[in-house]
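# Architecture at a glance
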Number of protein chains: 4
Amino acid sequence: MGYTAAIAGASGYAGGELLRILLGHPSIEIGAVTAGGNAGSRLGEHQPHLAPLADRVLAETTPEVLAGHDVVFLALPHGRSAEIATALGDTALIVDCGADFRLTDADAWQRFYGSEHAGTWPYGLPELPGQREALTGARRVAVPGCHVTTATLALFPAIADGLASAEDLVVVAVTGTSGAGRSLKPHLLGSEIMGSVAPYGVGGVHRHNPEIVQNLSRVAGGPVTLSFTPVLAPMPRGILATCTARIAPGTDAAAVRAAYRRRFEAEPFVHLLPEGAWPTTGMTLGANTALVQVTVDEAAGRMVACAALDNLAKGTAGGAVQSANIALGLPETAGLPAAAVAP
Amino acid sequence: MGYTAAIAGASGYAGGELLRILLGHPSIEIGAVTAGGNAGSRLGEHQPHLAPLADRVLAETTPEVLAGHDVVFLALPHGRSAEIATALGDTALIVDCGADFRLTDADAWQRFYGSEHAGTWPYGLPELPGQREALTGARRVAVPGCHVTTATLALFPAIADGLASAEDLVVVAVTGTSGAGRSLKPHLLGSEIMGSVAPYGVGGVHRHNPEIVQNLSRVAGGPVTLSFTPVLAPMPRGILATCTARIAPGTDAAAVRAAYRRRFEAEPFVHLLPEGAWPTTGMTLGANTALVQVTVDEAAGRMVACAALDNLAKGTAGGAVQSANIALGLPETAGLPAAAVAP
Amino acid sequence: MGYTAAIAGASGYAGGELLRILLGHPSIEIGAVTAGGNAGSRLGEHQPHLAPLADRVLAETTPEVLAGHDVVFLALPHGRSAEIATALGDTALIVDCGADFRLTDADAWQRFYGSEHAGTWPYGLPELPGQREALTGARRVAVPGCHVTTATLALFPAIADGLASAEDLVVVAVTGTSGAGRSLKPHLLGSEIMGSVAPYGVGGVHRHNPEIVQNLSRVAGGPVTLSFTPVLAPMPRGILATCTARIAPGTDAAAVRAAYRRRFEAEPFVHLLPEGAWPTTGMTLGANTALVQVTVDEAAGRMVACAALDNLAKGTAGGAVQSANIALGLPETAGLPAAAVAP
Amino acid sequence: MGYTAAIAGASGYAGGELLRILLGHPSIEIGAVTAGGNAGSRLGEHQPHLAPLADRVLAETTPEVLAGHDVVFLALPHGRSAEIATALGDTALIVDCGADFRLTDADAWQRFYGSEHAGTWPYGLPELPGQREALTGARRVAVPGCHVTTATLALFPAIADGLASAEDLVVVAVTGTSGAGRSLKPHLLGSEIMGSVAPYGVGGVHRHNPEIVQNLSRVAGGPVTLSFTPVLAPMPRGILATCTARIAPGTDAAAVRAAYRRRFEAEPFVHLLPEGAWPTTGMTLGANTALVQVTVDEAAGRMVACAALDNLAKGTAGGAVQSANIALGLPETAGLPAAAVAP
């Protein structure tokens, strides 16, 4: 019943959020906390908001340090996970918040990441049809990209039920800055970001693009085409994806809402809002929730679905813990905040 | 050579921006400043950023007060302009920042505004083909909606040249809060907005919807359909419209860029950015500029164009002064800031 | 072991934060949720971030509805608490987040609040010397003002130990907007607040002024004089108080730090940061923590102490639950977040 | 009548603001624009908000490139100005936005900057008594630090008139992020700054400390002691200084206000607000204005003065151009924005 977890990459934003959530987990105890360049320093220097862990010292991220834990959460740059997984073998559940094992298509990996494909792990989005079962008892989990979770949840119910076409999808996702990590890049400076919104990765080149297509292909009865544009907004956290798809003939808003209600009514963390209420990212700060609303614009021939979540919580660390709970046979909701911090 | 201008609605955001711009205008002098409920108070109470005008007292917005000026700028709620225009007759150039005279289609007006259509005035978007000429010597100007200017500039070159289809357009426009004016509504409180983004008017119900369609219909050789979703973001000013359209067969990014370059190379205020650079709203704060970039996502079969501008400047007050300059025969750029305040 | 709590004022910001914290409380169950004008509506309309409570319907705030709970939390405008307390009598622990029962000096109350003094309740700041004991078993708690908690924690250790003078204190406290509640006032609009900081209540007129003086008078061996200026900053939550006091002759930074260490080392929620590290409000978002640092500026003859906390958490609702825990004989830390949400 | 100006450090924030202001200057034309590491690139890459200058190429910052202009504005890191000034000799007015020549006290320089003192130039704060005259015809100008201009304007009238003591001054200055320049430091990342305020340089160690003391010593009839704490706030621009000083016996608010009115009534850019109105930084964005208010807190025995300005405008580049105007014999207000961009 009591598990221990190591967190690799504990000085970054995703690592910090894993620690914050695990501090409240009833069945998982925080073991080793590791880092790369920050190894040897106090965790409190990098995550001063985690008062109970302030005096922990960061160890080096090595298989030896990570070994001996029941769960290992990896919050590392791309390309590091395979080696650690090989070294640890089957002794631990490994939950990778990075991209290495998300894609099934080696060509797509090569095209978007420019390196050799490392393989594919069970995909950590339990709300996708069949996926909760696939995660049960798994020893490896690939946590989805944050934009991917948002867009997938917003679109899959309509596509799975044939109410909207998976061809010619258009997604514009407004996101906070923490998704870029603690990178020292000029466009991430507060001076540049506050008071401004900025598109990036425009034209189908963002790495979350093929992953959204992969998820929706699973539920669509045919090809998927997608125009995806992320937009950076002046807030630390949150993603709001506005997703449109061509509706099938005869589909109306009531039918679409019914499909979403059916898919999500038993979900602990995905909530279809009451009719007329639209999600905002502020409603999800720090919670493992995703909020969804959908309508049909008949003049445009399109449905419009919006989903909001916290990119570090449900979009990364919360989703990771949710999948770990399933894999370990714990209650899926264990330790996961169901309420957000607002205003 | 010297003109006088009255500003009606001078205590609001659009009125304040008109005053800020006119303070720097070489040929237009600020005359009467009027308000509704705020009449009788010092302008400095409402617009403390306009130090040179702080001691001006707001008069009541009546035709009598507005009469006797060469130009009258109206920054009023919908439904007030017709009466003032009738009273002033042809004695003044009237530039209406409100919606009353923007639409040509009385049915669309009725559907989106729920009142009787007041008529149609020359449309204040000089960058639209033929429109600069239509404004020359005009005595009435209807200033476009701020979302409308943004989306129209982002899309019309491709549509006018047949490089993209006007059917199945998708526009998602991220906007600052000042577009909503100084309205005391809970969702506009700082506590609610900071750290959050929120869609609104989803599903084709926003009032700028028919106006975007109207503009693009002028340049398209056929029907226009549009899915338009505005998203409120935590910044006071700025609109970034991400606009996608299905590309015509055989169209590539170079062809689309060439079309935009051609349309905008002689424009004083609309700038196609260098290849690979994408506009942000921060690049436009306080300036009368609109920045545009465009590319083609071949896998998606869509072009993606982004335009950024300051909703109060080029999107309202700056656009109003630009059209007034043309109507009065002044240099089009007179008094208009070409550089923004950044960071 | 299981207690029930009613929350009056559940549709406001303080009420929402009480609910968020109580959702994670192991020994207190949420009972009635009540409101004034919002009675009859779903809680989800006002607190959409509290997904688990979205379908609760707000009852009217009356003694009848609040009766029958072990604890009643009041998050009401001033002047409402006395009547409710009288009606409920000794049947419930009443924890008042409002100001009515904070001050001991009826004259000060009259001067700053302009109404008749209602009385004085046990004061909910357990970190003040002797106060934890005073709260044990209490049936009434007056939760301190948010600025008051911040300034008191930053200053009292030095004053209590005679290391700094309580005369001529200067406090400047930068605060987020949620402290003003969900009030529809122009200066609280997002458009006005983002990108701007604004002093208010300048010159000793803020209502938290006499309460800070009252707390520091308890620990000082003489008179207290205070210059207190709050400053509104563009963030939803958080207070950073910069507090200076004249140092006693011979006092240096090491002596002052030692005094703070002694006072806070056993405190579960107040943390003296490592030397050289200064608190920020971002380190406390959503947590019940207060972070403190102190140094001495010898050239100025003053010590400078900074304290940061979340005005809605430790500053209001968290402090309220902490005091309720003590009053009920529960572990003081029960249900209270010790880690913050960052970045 | 027509002057040319070179701008050294044109790819940084201060350099960008100099260019923005000079674009609107009637008598100064922009000549060479230079940079260090960014030499050779288009200005538009670094200052995309300056559309009219986008295609200018940055030259290397060398005396040769800067030579031949009437005015040379230096926006460089410390330590570079002396060499350039020596090379250019008396051929140009040199206006240094850096710190090298601000301090008169070589010891203070050594203590706060840790290098050898380069000397002292005429000080670019024309509002200080006698300083406008000192700048007339000057060939060198040292532009004050941004915090220094703010605190000096807030305090000097009371001190000069003996209404407040210059001993035991306390200043807390809330500032936006652009004052730190485009430095890639973790604490300047948007993720860290948004939603948070952070003190820095606490305890009398900030480099603007001795400069504030220097200015106030000029007007005081005796020693100056100062506790100065800057606080970083989530906004790109703006400084709000809250300044308190012990009042002289018998002084009241009316007397203090009268002193400020007298000092500032003829000033083109410093405005004492109407009684009861307090300055905010948002009222000054992009303008060369400083807004001031003052009151007396009799219970505290202190006056409280607040001043707000835009750190890049009046606080740096605007102040630089104002002093250049005076030095060149141009109208002091030439080219300087008197109205701000708000909201």
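Residues numbered from 1 in each chain as written. Chains lettered and ligands numbered in written order. Predicted model: local features only at pLDDT ≥ 70, side-chain atom pairs only at ≥ 80, totals over all residues. Heavy atoms only, no water.

### What about the overall build of chain A?
Note the cut-off: Here a strand is any run of E in DSSP of at least two residues, a helix any run of H or I of at least four, and the numbering for each starts at the N terminus. For the radius of gyration, the atoms used are the C-alpha atoms, and the globule rule reads 2.2 Å times the number of residues raised to 0.38. Exposed residues in this analysis have more than 50% of their type's maximum accessible area, buried residues have under 20%, and partly exposed residues fall in between, with area computed by a 1.4 Å probe over protein chains only. Contact criterion: two residues are considered in contact whenever any of their non-hydrogen atoms come within 4.5 Å of each other. Here the accessible surface of atoms and residues is derived via Shrake-Rupley with a 1.4 Å probe, and residues count as covered only by protein chains that are part of the display. His is not counted, nor are the chain ends; Lys and Arg add positive charge and Asp and Glu add negative charge. Positions of charges follow a simple convention, taking NZ of Lys, CZ of Arg, CG of Asp or CD of Glu.
A count of helices and strands for chain A gives 11 helices and 13 strands. Taken against the 2.2 N^0.38 rule, which gives 20 Å for 343 residues, the C-alpha radius of gyration of chain A at 19 Å falls within 12% of a compact globule. Taken along its principal axes, the extent of the C-alpha atoms in chain A is 60 × 45 × 40 Å. Taken across its 343 residues, chain A has 65% of its residues classed as buried. Once local pairs closer than 6 in sequence are excluded, the contacts in chain A between residues at least 24 apart make up 70%. On chain A, roughly 10500 Å² of surface is accessible, and the fraction owed to carbon and sulfur atoms is 52%. Within chain A, one finds 21 positive and 29 negative side-chain charges whose respective centroids are separated by 2 Å.

### Some details on the sheet that holds strand β6 (residues 140–142) of chain A
Neighbouring strands of a sheet are bound in pairs by backbone hydrogen bonds; such pairs are parallel or else antiparallel. Residue and element names in this part refer to chain A. Worth spelling out the cut-off: Two strands pair if DSSP finds at least two bridges between them. Between N-to-C directions, angles span 0 to 180 degrees; the directions come from axes that are lines fitted to C-alpha atoms, helices contributing only their stretch in contact.
Sheet architecture is open: 6 strands sit in the order β3-β2-β1-β4-β5-β6, paired in parallel fashion. A strand with exactly one partner marks an edge of an open sheet, and here the two such strands are β3 (59–60) and β6. Pairing geometry for strand β1 (residues 3–8) and strand β2 (residues 28–35), over 5 bridges, is parallel. Each bridged residue has a counterpart across the sheet, and for tyrosine 3 the counterpart in β2 is isoleucine 28. Sitting on the sheet, helix α11 (residues 313–328) is in contact with β1, β2, β4 (71–74), β5 (93–96) and β6, with an inclination near 160 degrees to β5.

### With respect to the packing of aromatic side chains
Rules: Only rings of Phe, Tyr and Trp enter the pairing, Trp through its six-membered ring, and a pair is recorded when the two centres are within 6.5 Å. The plane angle decides the type: under 30 degrees is stacked, over 60 is edge-to-face, the rest tilted. Criterion for a charge above a ring: Lys NZ or Arg CZ within 6 Å of the ring centre, and within 35 degrees of the ring normal.
Under the definition given, this model contains 16 aromatic pairs over all chains. When the centroid spacing of 6.1 Å and the interplanar angle of 65 degrees are considered together, the rings of A:Tyr260 and A:Phe264 count as edge-to-face. Of this pair, A:Tyr260 and A:Phe264 both sit in helix α10 (residues 253–264), 4 residues apart, which is roughly one turn of the helix. Judged by relative accessible area, which is 0%, A:Tyr260 ranks as buried. A relative accessible area of 3% places A:Phe264 in the buried class. Aromatic side chains B:Trp109 and B:Tyr113 sit 3.9 Å apart centroid to centroid with 10 degrees between the ring planes, which places their arrangement in the stacked category. Here B:Tyr113 and B:Trp109 lie together in helix α5 (residues 106–113), a separation of 4 residues that amounts to about one turn. No difference in accessibility class separates B:Trp109 from B:Tyr113, as the two residues are buried. An aromatic cluster of three or more residues is present, and its members are A:Phe156, A:Tyr260 and A:Phe264. Sitting over the face of the ring of B:Trp121, B:Arg140 holds its NZ or CZ atom 5.6 Å from the ring centroid.

### Thoughts on the interface of chain A and chain B
Condition: Once two parts are brought into contact, the accessible area they lose, counted with a 1.4 Å probe and summed over both, makes up the buried area. Salt bridge, as used here: a side-chain nitrogen of Lys or Arg that lies within 4 Å of a carboxyl oxygen of Asp or Glu. Distance and chemistry together define a polar contact, namely a pair of N or O atoms within 3.5 Å, with one atom able to donate a hydrogen and the other to accept it when in protein, and with adjacent residues in sequence counting only for side-chain atoms on both sides. Classes in brief: Ala, Val, Leu, Ile, Met, Phe, Trp, Tyr, Cys and Pro nonpolar; Asp, Glu, Lys and Arg charged; the others, Gly included, polar.
If you look at the interface, chain A gives 40 residues, while chain B gives 40 residues. Buried area between chain A and chain B, summed over both chains or domains, comes out near 3100 Å², and the portion from carbon and sulfur atoms is 68%. Sorting the residues of chain A by area buried against chain B places A:Val197, A:Pro199 and A:Val202 first, and these three jointly supply 16% of that buried surface. At the surface where chain A touches chain B, the tally comes to 4 salt bridges. For A:Asp168, the salt bridge is made with B:Arg246, and the minimal N-O distance between the two is 3.5 Å. Where chain A packs against chain B, one counts 11 residue pairs in polar contact (both at pLDDT 80 or more). Elements that contribute at least two residues to the side of chain A that touches chain B include exactly β7 (169–175), β8 (198–199), β9 (226–232), β10 (239–246), β12 (290–297) and β13 (302–309) of chain A. Taken together, the residues of the side of chain A that touches chain B break down into 21 nonpolar, 14 polar and 5 charged.

### Examining the relation of the copies chain A and chain D
As a reminder of what qualifies: A residue counts toward the fit only if its pLDDT is at least 70 in both copies, and the copies are then superposed by least squares on the C-alpha atoms of those residues.
Between the two copies, chain A and chain D, the superposition gives an RMSD of 0.0 Å; the rotation angle is 180 degrees and the shift along the axis is 0.0 Å. Here the two chains are linked by the operation of a two-fold rotation axis. Considering only C-alpha atoms, the residue of chain A closest to the rotation axis is A:Gly190, which sits at 1.8 Å. Looking at the interface residues of chain A, 100% of them are also at the interface in chain D, so both copies use one shared face.

### As for the pairing of strand β1 (residues 3–8) of chain D
Residue and element names in this part refer to chain D. Quick reminder of the rule: Crossovers are marked right-handed if the path from the first strand over the helix to the second runs clockwise, as seen with the strands pointing away from the viewer.
Note on the crossover from β1 through helix α1 (residues 13–23) to strand β2 (residues 28–35): the handedness is right-handed. Where β1 lies against strand β4 (residues 71–74), 4 bridges are found, and the strand directions are parallel. Within β4, the position partnered with alanine 8 by the bridge is leucine 74.

### Quick word on the pattern of salt bridges
For the structure on display, the rule yields 60 salt bridges over all chains. The partner of D:Arg262 in a salt bridge is D:Asp161, with the nearest N and O atoms 2.8 Å apart. One end of the pair, D:Arg262, is in helix α10 (residues 253–264); the other, D:Asp161, is in the loop between α7 (146–160) and β7 (169–175), with 101 residues separating them in the sequence. Through salt bridges with shared partners, a single network forms among A:Asp168, A:Arg246, A:Arg302, B:Asp168, B:Arg246 and B:Arg302.

### Details of the UniProt feature "active site" (unreviewed entry) in chain A
Residue and element names in this part refer to chain A. Under the convention used in this document: UniProt positions are given in the numbering used here, feature names are shortened, and annotations may be inferred rather than shown by experiment.
Mapped onto this numbering, the UniProt entry gives "active site" (unreviewed entry) at Cys146. Within the secondary structure layout, cysteine 146 lies in helix α7 (residues 146–160). Its relative accessible area of 12% is what places cysteine 146 among the buried residues. Setting aside chain neighbours within four positions, we find cysteine 146 in contact with His208, Ile239, Leu309, Asn311, Gly315 and Thr316.

### Some details on the interface of chain A and chain D
On the chain D side, the residues contacting the 18 residues of chain A number 18 residues. Carbon and sulfur atoms make up 65% of the surface buried where chain A meets chain D, a total of about 1500 Å² over both sides. When the buried surface of chain A facing chain D is broken down by residue, A:Leu184, A:Leu189 and A:Met194 rank first, second and third, together holding 42% of it. Our count for the contact surface shared by chain A and chain D stands at 2 salt bridges. Here A:Glu192 ties to D:Arg182 by a salt bridge, and the two come within 3.2 Å at their closest N and O atoms. Linking chain A with chain D are 10 residue pairs in polar contact (both at pLDDT 80 or more). Element by element, the count of residues in the side of chain A that touches chain D is highest for helix α8 (residues 190–193) of chain A, at 4 residues.

### Regarding the packing of α1(D) against helix α11 (residues 313–328) of chain D
Residue and element names in this part refer to chain D. Here is the rule: Throughout this description, any angle smaller than 35 degrees is read as roughly parallel, any larger than 145 degrees as roughly antiparallel, any in the 65 to 115 degree range as roughly perpendicular, and the remainder as oblique. By the definition used in this description, the sense in which the near helix is turned from the far one sets the handedness, with an anticlockwise turn below a right angle giving left-handed and a clockwise turn giving right-handed.
The contact between α1 and α11 brings their axes to 9 Å, and the two run at 50 degrees. Compared by their axis directions, α1 and α11 come out oblique. Crossing geometry of α1 relative to α11 is assigned as right-handed. Contacts from Ala14, Glu17, Leu18, Ile21 and Leu22 in α1 reach Ala313, Thr316, Ala317, Gly318, Ala320 and Val321 in α11.

### Observations concerning the relation of the copies chain A and chain B
Once turned by 180 degrees and shifted 0.0 Å along the axis, chain A lies on chain B with an RMSD of 0.0 Å. By residue overlap, the copies meet face to face through one surface: 100% of the interface positions of chain A are interface positions in chain B.

### Thoughts on unusual backbone geometry
All names here are of chain A. Of the consecutive residues alanine 342 and proline 343, the connecting peptide bond is found in the cis state with omega at 0 degrees. Examined against the element boundaries, proline 343 turns out to sit in the segment after α11. Not every positive phi belongs to a glycine, and aspartate 168 is a case in point at roughly 70 degrees. Along the chain, aspartate 168 falls in the loop between α7 and β7.

### Notes on the UniProt feature "domain: Semialdehyde dehydrogenase NAD-binding" (unreviewed entry) in chain A
Within this structure's numbering, the places UniProt gives as "domain: Semialdehyde dehydrogenase NAD-binding" (unreviewed entry) are residues 4–136 of chain A. Between the C-alpha atoms that bound residues 4–136 of chain A there is a distance of 19 Å. The span itself is 30% helix and 17% strand.

### Quick word on the environment of A:Val65
Residue and element names in this part refer to chain A. Following the sequence through the fold, valine 65 ends up in helix α3 (residues 63–66). You can call valine 65 partly exposed: its relative accessible area is 27%. As a C-alpha pair, valine 65 and alanine 6 span 59 residues in sequence and 8.5 Å in three-dimensional space. Sequence-distant contacts of valine 65, defined by excluding residues within four places in its chain, comprise Ala32, Thr34, Ala59 and Glu60.

### Brief notes about the side chain of B:Asn325
Considering the arrangement of structural elements, one finds B:Asn325 in helix α11 (residues 313–328). A polar contact of 2.8 Å, which involves the side chain of B:Asn325, links it to the side chain of B:His25.

### A few points about the confidence of the model for chain A
Selection criterion: Confidence per residue, as judged by the predictor, is encoded in pLDDT with a range of 0 to 100.
This prediction gives chain A a mean pLDDT of 97; 100% of its residues lie at or above 70. Here the predicted complex scores 0.98 on pTM and 0.97 on ipTM.

### Section: helix α9 (residues 209–219) of chain B
Along an α-helix, residues three or four positions apart point the same way, because every turn accommodates 3.6 residues. Residues and elements named next belong to chain B. Most of α9 sits inside the fold, with 8 of its 11 residues counted as buried. Residues of α9 that are buried include every one of Asn209, Pro210, Glu211, Ile212, Gln214, Asn215, Leu216 and Val219, and no others. Where the residues of α9 are buried, they touch α5, α7 (146–160), β7 (169–175) and β9 (226–232).

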